[in-house]
Amino acid sequence: MKILSKFALCFLIICSLMMGLSPQTQAQMVGGNIGSIAPNIELPDQYGNKVSLSGLRGNLVLVRFWKSGDPNSHATNSNIHALHQKYKNASFKGAKGFEVFMVSLDSRLDKWKMAMQQDQLPENYHVNDIYSKYVAPYGVRNLPANFLLDPNGVIIAQTKSM
């Protein structure tokens, strides 16, 4: 399963790169579907500072919903660090770089922070959605759920579970 999950994440990024990053079309809807503008997420990070997804515009961004107690999230989180390391300084058409925006759905902050360390997740852009208020706007039904955003914040690929 771990190999399949790693393959799925890499496939998601490669497919979107092969499609090319196109400018945002007019009158796009905000939502959790491909072609929609991703709903902005503004939540506290592990240090209590507000972090906003919209602050990453201009980058290719992987938005990942996960939970420390979920075995599928834990099994695939190990790939996130490697993925970020591999692509963070890569050159993408129309994008400054690649970032990962991790949205934890943990109700216990200590478990969330411990999982971040255990899974060796990238330090940047970790937020906790303790009340799961962004689950519905993105249409998340299973964990982990991944959304790849172009530099304009448009969802260009997604896996709502792996």
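Anything mentioned here points back to the structure above.
These remarks concern the structure in this document. The numbers attached to residues start from 1 for each chain and follow its sequence in the written order. Since the coordinates come from a predicted model, pLDDT governs what is reported: local features require at least 70, and pairs of side-chain atoms require 80 or more to be given and counted, while whole-chain, interface and lining totals use all residues. The basis for every side-chain value is the complete set of heavy atoms in the structure, and neither hydrogens nor water enter the calculation.

Topic: the pairing of strand β3 (residues 60–66)
Heads up, the rule is: Type-normalised accessible area, obtained with a 1.4 Å probe on protein chains alone, sets the label of each residue: buried when under 20%, exposed when over 50%, and partly exposed for intermediate values. Helix and strand labels come from DSSP, where a helix needs a run of H or I of at least four residues and a strand needs a run of E of at least two; each type is numbered from the N terminus. For two strands to be treated as a pair, DSSP must find no fewer than two bridges joining them. For a crossover, the right-handed case is the one in which the path from the first strand over the helix to the second runs clockwise, viewed with the strands pointing away from the viewer.
Where burial is concerned, most of β3 is hidden: seven out of the seven residues are buried. Here β3 shows no split at all, with Leu 60, Leu 62, Arg 64 and Trp 66 on one side and Val 61, Val 63 and Phe 65 on the other all buried. Where β3 meets strand β4 (residues 98–104), seven bridges bridge the pair, whose relative direction is parallel. Considered in β4, the bridge of Leu 62 is made with Val 100. The β-α-β motif built from β3, the intervening helix α2 (residues 71–87) and the parallel element β4 has right-handed crossover chirality. Two strands pair when backbone bridges link them, and β3 and strand β6 (residues 145–149) are joined in this way by five bridges, in the antiparallel orientation. The partner of Val 63 across the bridge, within β6, is Phe 147.

Examining unusual backbone geometry
That bond from Leu 143 to Pro 144 is cis: its omega, -10°, falls within 30 degrees of zero. Mapped onto the elements of the fold, Pro 144 is located in the loop between α4 (135–138) and β6. Although it is not a glycine, Gln 120 adopts a positive phi angle of roughly 50°. Tracing the sequence through the fold places Gln 120 in the loop between α3 (109–118) and β5 (126–128). Residue Gln 120 is classed as exposed on the basis of its relative accessible area, which comes to 55%. Phi angles above zero are rare outside glycine, and Tyr 125 is one such case at about 60°. Take Tyr 125: it is sitting in the loop between α3 and β5.

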